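Architecture at a glance
Chain by chain, the residues:
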Amino acid sequence: MEELIKCEANYLPLSPVTFLERAAVVYSSRTSVVYGHTSFTWGETYERARRLASALLSLDVAKNDVVSVLAPNVPALYEMHFAVPMAGAVLNTINTRLDYKTVATILKHSGAKILFVDHEYVPLACKALELLRNGAGGGDPPAVELPLVVLIDEIGAPTRVRICEIAIEYEELIRGGDPCRRLPELGDEWDPIALNYTSGTTSAPKGVVYSHRGAYLSTLSLLLQWEVGSEPVYLWSLPMFHCNGWTFTWGMAARGGTNVCIRSPNAADMYRAIADHRVTHMCGVPFLFNVLLNAQASERRPVSRPVQMLTGGAPPPAKLLEKMEKLGFHVTHAYGMTEATGPALVCEWREEWDRLSAERRAQLKARQGVSVLTLSEADVKNPKTMESVPRDGRTMGEIVLRGSSLMKGYFKDPSATEKVFAGGWLWTGDVGVMHPDGYVEIKDRSKDVIISGGENISSVEVENTVYTHPAVAEVAVVAMPSEKWGESPCAFVVLHECTKKKTELVTEEDIIAHCKNNMPHFMTPKKVVFLEALPKSSNSKVLKFQLRALAKALCNSTQKTAKPSRQTHRSQSRSSGIYGSHETEILARSRL
């Protein structure tokens, strides 16, 4: 066949920014954003984004400059997902739950030219900027050139808070922008669109760079596989700083949906938004399940129609999924990571599964699923031989990915990029199995697998079993040193509030007996520790490295002292707030 030529008619760079341009034409008068008493149409959102892009150019923002933002799910953060790349810059959404030292580290590493700060996070930003001014990370001050600060005040009810004398106010910036200004054209779809930092719970956070192409493909893939129809009403219960809201920031523009923004995913605000706006879709980590399930009567509002909920971040127990279904939420399980531009696997539902029992449906939903459409492959491999594991649902290996929707690489870290892409695959660090139907199920993080007497034990499987005990609200299982077995499972358990208030106590023996009745004995926890709360990261992930330190210390202490005959929740939690006094001391040391 003769060679045909690419031209402007048949070949243009892929970018999710084009979804907003289309929405402004196709859905111009449809509501785009709702926030309290404020709302915008898609035509208005497009104009505001163009004004902001124009204003950024007037502030000398150039191609590939990093623009950072520290804000909750407010309209300004949504608009920046389009305006910043419209100006040719790279959007860096910072996790608002981080401490000021980590925020300073991110600002320094990214070289942010401008920092947008919501009024709620002014104290955090001030401490981070002061640290930068005095030389964050060592060296003679100033360590870096400080970014220009833009304050995001409350729309319609300004707080008048000020962050520094030269700060610009967001709405003033919007009003000063020219919506008719000619904006830079995207020349290469491989250009960066976003810079997202990993949580950095055990090491310094790494900057993950997304391309316009990868973000575009990921967005379309998730809309298709989650079967998002026209005019969805999407509740922002998932922070937009989590992988750019798992790309649904751009996805709602593609479908002409309504973005319902709330500052905090607390029970009252979520139930109110669902009822008032007839929410159809929402996302969130499994932690939100407990927020909704444990809501007070005064916080609840009727869920009049099923709400589609996409979850990920940690494998939720099947029992928890079953409870959510009864509450009115149709949960779809996904698996992803920052490096995969959000979700990489989705548990696509099959019609024949509707005829199964609620318990069996929940078990199937707990699996991570099949690859998103933009991945060429997702597999489970033996990392030593590079061979795919058998599709038997039992043989464990590491989950690997490859495809056009993956990150470009780590910012300023070529060695880490080379390592994670070794052999032509993205190595996730997660251990899983492949079922006969091609669905992947996570069994653990590679560092969390417990090797007891030569047997590999999945901490996730043990957690799922412990969770089926009716008194258990949360559980995390880690390895505890064992003279006999090398390692053995240790379960850290948080009880339901109603259980704590009852006179009868749940004991360590009760939990162990429950496990022995529901799983192989070699997998049963040899130790159960009751806590008031599990230590968690800013992304609501359980900090298992802290629990491993605690398990090791508890093991050492029990070798020196007599083991109590009956350990109860009351006896462990009486002496302190979150942990017993001994546990508090151990965890304090483990954080250093």
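The structure we're discussing is the one just above.
Keep in mind that this is a model prediction, so the values were computed, not measured.

It is worth spelling out the nonpolar core at this point. Among the nonpolar cores identified, the biggest contains 86 residues, and L52, M80, F116 and F248 are the most heavily contacted of them. Take this core: its biggest share by element is eight residues, from helix 3 (residues 75-86). Other than its neighbours up to four places away in sequence, L52 contacts M80, A83, F116, Y170, L173 and I174. Ranked by size, the runner-up nonpolar core spans 48 residues in total, among them L293, F329, V462 and V493.

A separate point is the sheet that holds strand 14 (residues 329-337). With mixed pairing, nine strands are arranged side by side in an open sheet as 2-1-11-10-12-13-14-15-16. The sheet terminates laterally at strand 2 (38-41) and strand 16 (370-371), the two strands that pair on one side only. Here strand 1 (residues 31-35) runs beside strand 2; their pairing, made up of four bridges, is antiparallel. Across the sheet, residue Y35 finds its bridge partner in strand 2, namely T38.

Turning our attention to unusual backbone geometry. Peptide bonds are, in most cases, trans, and in most cases residues other than glycine have a negative phi. With phi around 50°, C243 is a residue other than glycine that occupies positive phi space. Take C243: it is sitting in helix 8 (residues 243-246). You will see that N244, though not glycine, has its phi angle at about 55°, which is positive. Of note, N244 is situated in helix 8.

Moving on: the pattern of salt bridges. Taken as a whole, this structure holds 24 salt bridges when the rule is applied. Here D65 ties to K113 by a salt bridge, and the two come within 3.3 Å at their closest N and O atoms. Residue D65 is located in the loop between helix 2 (42-58) and strand 3 (66-70), and its partner K113 is located in the loop between helix 4 (100-110) and strand 5 (114-118); the two are separated by 48 residues in the primary sequence. The salt bridge partner of E463 is K544, with a shortest N-O separation of 2.7 Å. Placement of E463 in helix 15 (residues 459-467) and of K544 in helix 18 (residues 544-558) is noted, with a sequence separation of 81 residues between them.

The rules behind the values
Residues numbered from 1 in each chain as written. Predicted model: local features only at pLDDT ≥ 70, side-chain atom pairs only at ≥ 80, totals over all residues. Heavy atoms only, no water. Core = buried A, V, L, I, M, F, W, Y, C linked by side-chain atoms within 4.5 Å. Buried < 20%, exposed > 50% of the residue type's maximum accessible area, 1.4 Å probe, protein only. Helix = DSSP H or I, 4+ residues; strand = E, 2+ residues; numbered from the N terminus. Contact = heavy atoms within 4.5 Å. Pairing = 2+ DSSP bridges. Salt bridge = Lys/Arg side-chain N within 4 Å of Asp/Glu carboxyl O.

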